[in-house]
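These are the residues of each chain, in order.
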Amino acid sequence: MNFLRGVMGGPSAGPQPSGAETIQKLCDRVASSTLLDDRRDAVRALKSLSKKYRLEVGIQAMEHLIHVLQTDRSDSEIIGYALDTLYNVISNDLEEEEQEENLPKQVDDLGSQFTEIFIKQQENVTLLLTLVEEFDFHVRWPGVKLLTSLLKQQGPQVQQIILVSPMGVSRLMDLLADSREVIRNDGVLLLQQLTKSNAAIQKIVAFENAFERLLDIVTEEGNSDGGIVVEDCLLLLQNLLKNNNSNQNFFKEGSYIQRMKPWFEVGDDNCGWSAQKVTNLHLMLQLVRVLVSPTNPPGATSSCQKAMFHCGLLQQLCTILMATGVPADILTETINTVSEVIRGCQMNQDYFASVNAPSNPPRPAIVVLLMSMVNERQPFVLRCAVLYCFQCFLYKNQKGQGEIVSTLLPSTIDGNSVSAGQLLCGGLFSTDSLSNWCAAVALAHALQENATLKEQLLRVQLATSIGNPPVSLLQQCTNILSQGDKIDRRGSKVQTRVGLLMLLCTWLSNCSIAVTHFLHNPANIPFLTGQIAENLGEEEQLVQGLCALLLGISIYYNDNSLENYRKEKLKQLIEKRIGRENFIEKLGFISKHELYSRAAQKPQPSFSSPDHMMFDHEFTKLVKELEGVISKAIYKSSEEDKKEEEVKKTLEQHDNIVTHYKKVIREQDQELEELKQRINTLTSQNEQLQATVTQQVSQIQQHKDQYNLLKVQLGKDAQHHNSHSETFQMNGIQMEEASKLKEELEEWKNKHELLQGQLREKDSVIEKLKSSQLEMGTTEQSLQTSKSGGLEHNNELQKELEMLRSQIQLQSAEISKLQIENQKLQVMNTTADPVLGDSGAAAANNSELEGRLEQEVKELKSEVKALSEEKESLKQHLDSSSSTVAILQDEKSKLQQEVAESKKEQDDLLVLLADQDQKLSALKIKLKDLGVPVEDEDDIESGDQGDEDEDGDEEEQD
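Given the structure is predicted, the values throughout are model-derived calculations rather than measurements. (Residues numbered from 1 in each chain as written. Predicted model: local features only at pLDDT ≥ 70, side-chain atom pairs only at ≥ 80, totals over all residues. Heavy atoms only, no water.)

Q: Where do I start with the overall build of the protein in this structure?
A: Scanning the protein for helices and strands turns up 42 helices and four strands. Across the 958 residues of the protein, 46% fall into the buried class. Long-range contacts, defined here as pairs at least 24 residues apart, represent 75% of the contacts in the protein between residues at least 6 apart. For the protein, the computed accessible surface area is about 48,800 Å², with 50% contributed by carbon and sulfur atoms. (Helix = DSSP H or I, 4+ residues; strand = E, 2+ residues; numbered from the N terminus. Buried < 20%, exposed > 50% of the residue type's maximum accessible area, 1.4 Å probe, protein only. Contact = heavy atoms within 4.5 Å. Areas by Shrake-Rupley, 256 points an atom, 1.4 Å probe, with all protein chains shown as cover.)

Put into structure tokens, the structure is as follows:
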């Protein structure tokens, strides 16, 4: 213990041992001591010496400290001292005193060397992972710091050991759930180092619910108003998402984009922007850009862009964009973020076009941004960001391109407000070279891959000065280009000329009318040849290359409409004035330039200084596309040109024919779809009619049942009448009542006359029924003949009607029987007149019989009337159903004929297409034999992805 007191600073007599000797004795004590307290004190002493004597402790004590970690795990205090000592030895985060005494290079070497010694045995890292799982603060926290330091020194090796360790990454993810903020925050730093440049670990961490936990921490800490913990969480999120398509898709599918919106809800009091808040918001904007980066797969970028629009994130970013008091670097990064959120997404681009700045009167956000771009007093990075935003707004947005160009056309210029076109023209012809370049590139993007707008822009007229006639925009560009050094400009004069040449090359490419307008000015070709032929300095070589490119475009896209500037004459001019080899050499200056290679790497214009702003990313694609074909066009003879033109015309004709046939086939497909839809609708109508007929059949069955009941009732009434007549004959024999009957005979005769009138009315009703019955029979016969080729359910309905008709005939027969019986009663009445002179009882019976007959006649009339009405309704239903069936059959036959005809026409068209394809392939083979580059349809449709791959290949070759 006296020895330890000496080490710890207590008084001791005699000479003091050196640091190395002291460390050696402490190491011996750690290795040989049997008491835990002695070993603990020795490790504590090593910890206190580890910062000052880092090298000696690392060399002599590391093995003993690792042994302590393995054997003394039951004592958390000695484990903590050992971990702290190893951290001091391995870590390069020294105090200021040590940093002043030691060189940084030596520090880096020591940390890396000690880390390599420690991880040489993979069991040491596995042991450390086990210790990190301990809940004890004195063990877990030093373990986290030590593991973080190991990852900083030898990241890839330690990552591989943790990756193959069972549950290695999962054990470290538990640090985010620790209730102690110190451990949780250091756990975030540990995961930052663990996830650097390792996609496998990034995926494991993401699927261990890292996004949910990190976003919760950011929310708990106050979003952008939080401290450095928020910054650390955002850096970890960037590690997980950047260049990792799987994690980006998982982040989007997990609806975590929606949770980013509150980050950008900045209050109105924008005056209090702390440095930490600026840093946090900057990282948040960068995280949004990671999800919509142009380097991501197009499908993933598009889905993230749509999600940001639907959740209101884009709207929130535009609010920051138009807010006041926002720091310049945050505003610049917000502009870049909005640019990539709207790039290539029509829905987002349309929304951005509708955003207005909170000014009086309100101005579109695009106009306000362009005002900043052409204002030379604005910061350079801000102007670059605005240019990038304008380029992204116009990327694959023909609608937006048309709106920008329309503000330049004479019919749409509004003199009361500043438009985007006026700002671009003002910047194009200002005395600031940077404004010239930005405006030229912006206007070139408005014409990108849009031949219609290139032609419309030729109509733009500019008033140069009072009293002079207006000149076209194309003419003014060439005038400024030819004057060049004569105009006093702020900035690089080469920059202005490069910008104008890029605009002219973009404008004239793939637009023969614009080439004709350019060649119509007799001063343009001599100026270009003069520029190319001169031997100028290194700075002017870039201008020479662009002039060669513009002259080559004028040859390649020349339609020979001007006699003095035909392709052959321009080639002869190059041969005489410049020389073909010299021309090709000057053309190659563009792609060999260093600034060209930088611009070709990514769409965002990022330049270290305004002098380096020379090339645009989209223009580099145009150069790669045209450089080869122009070189071949220069060496072609007139005969080859003629053959090529003939082949092109033939190909165009064949393409037109194929396009026509494709259009015809498309129209026929649409007609077939319409016919199928009509068939479906008619089928549904037919099913409805069948249901209606079924319902009618059930109604007829009900009428049959009612008729049977009526028939039974009529039979009972006939029997009742017979019994009354027999009773009447028996009463007629009684002669003693004849006197009473004579007295009542007169009354009975009067009643009898009334009865006869009623019988006559009954006869007329029966006659009407018979005539209607005959008409119904004829109608049913006509229905039967008209529906002979109809559907089966109509035949069943006809059978039912036949049965109903037979039943009605039986009913009429019964009625006729009743009529005969009535007539018999009349005869009986006439024969009984002399007998009934004195019969009073017979008169009473007769009156009772008359009342019953009258009642029965009335009932029969009502029943017959009801049956006739039902018969009429049934006949109407049958007529409608039969007509509908006939119409359906006619339409079905027509549809079948049309389908057969369309199939026959389609077969003929397919045969013609096959012939055309064979001719096209033969012509393409001829073109390839002649040396003309012919692109296949698959190559054309490969899109921007294919262009980027080719860009990479050419850069490697260069």
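Now that the structure is up, let's keep going.
Q: What is the right way to look at the pattern of salt bridges in this model?
A: If charged atoms from side chains of opposite charge come close, those side chains can pair. A full pass over the atoms with the stated rule returns 25 salt bridges. For the salt bridge of arginine 580 with glutamate 575, the shortest nitrogen-to-oxygen distance reads 3.1 Å. (Salt bridge = Lys/Arg side-chain N within 4 Å of Asp/Glu carboxyl O.)

Q: Sorry, what's going on with helix H10 (residues 155-164) here?
A: An α-helix turns once per 3.6 residues; consequently, residues spaced three or four apart project the same way. Considered for burial, the residues of H10 that qualify are Gly155, Val158, Gln159, Ile161 and Ile162. Down the axis of H10, the smallest arc covering the buried residues is 165 degrees, so these residues share one side. In H10, the exposed residues that point more than 90 degrees away from the buried face are Pro156 and Val164. (Arc of directions from axis to C-beta.)

Q: Where do I start with the packing of helix H2 (residues 19-32) against helix H4 (residues 54-71) in this structure?
A: In a packed pair of helices, the relevant descriptors are the angle between the two axes and the axis-to-axis distance. The interhelical angle for the contact between H2 and H4, taken along N-to-C directions, is 10 degrees, at an axis separation of 10 Å. Comparing their axes, H4 and H2 come out roughly parallel. Taking contact as the criterion, the partners of Ala20, Ile23, Gln24, Cys27, Val30 and Ala31 in H2 are, on H4, Glu56, Val57, Gln60, Ala61, His64 and Val68. Classifying every residue of the contact of H2 with H4 by side-chain character gives eight nonpolar, three polar and one charged. (Axes fitted to C-alpha atoms, helices over the stretch in contact; angles between N-to-C directions. Parallel < 35°, antiparallel > 145°, perpendicular 65-115°, else oblique. Nonpolar A, V, L, I, M, F, W, Y, C, P; charged D, E, K, R; others polar.)

Q: Teacher, can you tell me more about the environment of cysteine 345 here?
A: Positionally, cysteine 345 belongs in the loop between helix H20 (328-342) and helix H21 (346-354). For the pair cysteine 345 and asparagine 397, spaced 52 residues apart in sequence, the C-alpha to C-alpha distance is 8.2 Å.

Q: Just checking my understanding: could you explain helix H34 (residues 580-592) for this structure?
A: Taking 1.5 Å as the rise per residue, H34 with 13 residues should run 18 Å; its terminal C-alpha atoms sit 19 Å apart, in good agreement. Inspection of H34 places Phe583, Lys586, Leu587, Gly588, Phe589, Ile590 and Ser591 among the buried residues, and these make up the whole buried set. Close packing links the buried residues of H34 with helix H31 (524-533), helix H32 (538-556), helix H33 (567-577), helix H35 (594-599) and helix H36 (617-635). (Expected span 1.5 Å × (residues − 1).)

Q: Which parts of the structure should I look at to understand the packing of H20 against H21?
A: It is the contact of H20 with H21, at a shortest axis distance of 8 Å, that shows an interaxial angle of 135 degrees. Here H20 lies oblique to H21, going by the angle between them. Residues Val338, Val341 and Ile342 of H20 pack against Asn348, Gln349 and Phe352 of H21. Grouping the amino acids of the contact of H20 with H21 by side-chain chemistry returns four nonpolar, two polar and no charged.

Q: Looking at this structure, how should I read a negative patch on the surface?
A: Together, Glu667, Asp669, Glu671, Glu673, Glu674, Glu898, Glu901, Glu905, Asp907 and Asp908 line one region of the surface with negative charge. Counting residues per element, the ones that place at least two in the negative patch are helix H37 (638-732) and helix H40 (840-930). By secondary structure assignment, the location of glutamate 671 is in helix H37. Exposure remark for glutamate 671: the relative accessible area of 46% places this residue in the partly exposed category. (Patch = residues over 30% accessible without salt bridge, like charges linked within 9 Å, V, L, I, M, F, W, Y side chains within 5 Å. Lys, Arg positive; Asp, Glu negative; His and termini not counted. Charge placed at Lys NZ, Arg CZ, Asp CG, Glu CD.)

Q: How should the confidence of the model for the protein be read in this particular structure?
A: Where the model shows low pLDDT, its predicted coordinates should not be examined in detail. When pLDDT is averaged across the protein, the result is 81; 75% of the residues are at 70 or more. Considering only residues more than four positions removed or in separate chains, one finds that residues 726-738, a stretch of pLDDT under 50, has 19 contacts. Taken as a whole, residues 776-791 scores under 50 in pLDDT and shows 25 contacts with residues more than four places along the chain or in a different chain. (pLDDT = per-residue confidence, 0-100.)

Q: Quick question: what am I supposed to make of the state of the cysteines here?
A: This model, assessed by the stated rule, comprises zero disulfides. Cysteine 547 supplies the cysteine sulfur nearest to cysteine 505, a cysteine that is in no disulfide, at a spacing of 8.4 Å. Relative accessible area serves as the criterion here: at 0%, cysteine 505 is assigned to the buried category. Here cysteine 547 falls in the buried class, since its relative accessible area comes to 1%. (Disulfide = S-S within 2.5 Å.)

Q: I tried to follow the environment of glutamate 581 on my own but got confused; where do I start?
A: Mapped onto the elements of the fold, glutamate 581 is located in helix H34. Here glutamate 581 falls in the exposed class, since its relative accessible area comes to 56%. In the structure, glutamate 581 is positioned 54 residues away from tyrosine 635 in sequence and 9.8 Å away in space, judged by C-alpha atoms.

Q: Would you mind showing me how to read the packing of aromatic side chains here?
A: Any two aromatic rings considered together are summarised by their centre-to-centre distance and by the angle between their planes. By the definition in use, this model includes 12 aromatic pairs. When the centroid spacing of 5.9 Å and the interplanar angle of 35 degrees are considered together, the rings of phenylalanine 211 and phenylalanine 250 count as tilted. Pair noted here: phenylalanine 211 is in helix H14 (residues 210-220) and phenylalanine 250 is in helix H16 (residues 245-253), with a separation of 39 residues, a long-range link. Through successive ring pairs, a cluster of aromatic residues spans Phe207, Phe211, Phe250, Phe251 and Tyr256. Against the face of tryptophan 141 rests lysine 145, its NZ or CZ located 4.1 Å from the ring centre. Residue placement shows arginine 180 over the ring face of phenylalanine 135; its charged tip is 4.0 Å from the ring centre. (Phe/Tyr/Trp six-rings, centres within 6.5 Å; stacked < 30°, edge-to-face > 60°. Lys NZ or Arg CZ within 6 Å of the ring centre and 35° of its normal.)

Q: Hey, could you run me through unusual backbone geometry in this one?
A: Keep in mind that most residues, glycine aside, have a negative phi and that most peptide bonds are trans. One non-glycine residue, asparagine 243, lies in the positive phi region at around 60 degrees. Considering the arrangement of structural elements, one finds asparagine 243 in the loop between helix H15 (228-241) and H16. Under the relative-accessibility criterion, asparagine 243 is labelled exposed at 63%.

Q: Hey, could you run me through the side chain of glutamine 316 in this one?
A: The residue glutamine 316 is located in helix H19 (residues 313-322) in this model. According to the relative accessible area criterion, glutamine 316 is buried, its value standing at 16%. When neighbours within four sequence positions are excluded, glutamine 316 is seen to be in contact with Lys261, Phe264 and Glu265.

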